[in-house]
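Structural overview
Next come the chains, spelled out residue by residue.
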Amino acid sequence: MEIWTVYILNCADGKTYKGCTHDFPARLAKHQRGEVESTKSRLPVSVCLKVEFSNKHKAYAFEKYLKSGSGCEFTRRHFL
């Protein structure tokens, strides 16, 4: 069974990055090496939140929610 991870990273510029992947350790390593365009100029990054899903569609739906206006507010109130 494949596990999908939705994650939030705290970036050095004080902003967050939200993403979804099926291989979280490899994806985090790419972020930390500066190989992800969206975060390479905002290093270092640290993990703020990591939520695992067994269903790909639910994971991507949660990521989409976190990137929405109400999801950003939810994130700010509960995780930052």
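Okay, so let's go over this structure. (Residues numbered from 1 in each chain as written. Predicted model: local features only at pLDDT ≥ 70, side-chain atom pairs only at ≥ 80, totals over all residues. Heavy atoms only, no water.)

**Some remarks on the pairing of strand 1 (residues 4–11)**
Of all the eight residues making up strand 1, seven are buried; the element is thus mostly covered by neighbouring parts of the structure. Judged from the eight bridges that link them, strand 1 and strand 3 (residues 45–53) form a sheet pairing that is antiparallel. Bridge pairing links Cys-11 to Val-45 in strand 3. Alignment of strand 1 against strand 2 (residues 16–21), held across six bridges, turns out to be antiparallel. Counterpart to Leu-9 in the pairing with strand 2 is Tyr-17. In this antiparallel pair of consecutive strands, strand 1 and strand 2, the connection spans four residues, and Gly-14 shows a positive phi of 85°. (Buried < 20%, exposed > 50% of the residue type's maximum accessible area, 1.4 Å probe, protein only. Helix = DSSP H or I, 4+ residues; strand = E, 2+ residues; numbered from the N terminus. Pairing = 2+ DSSP bridges.)

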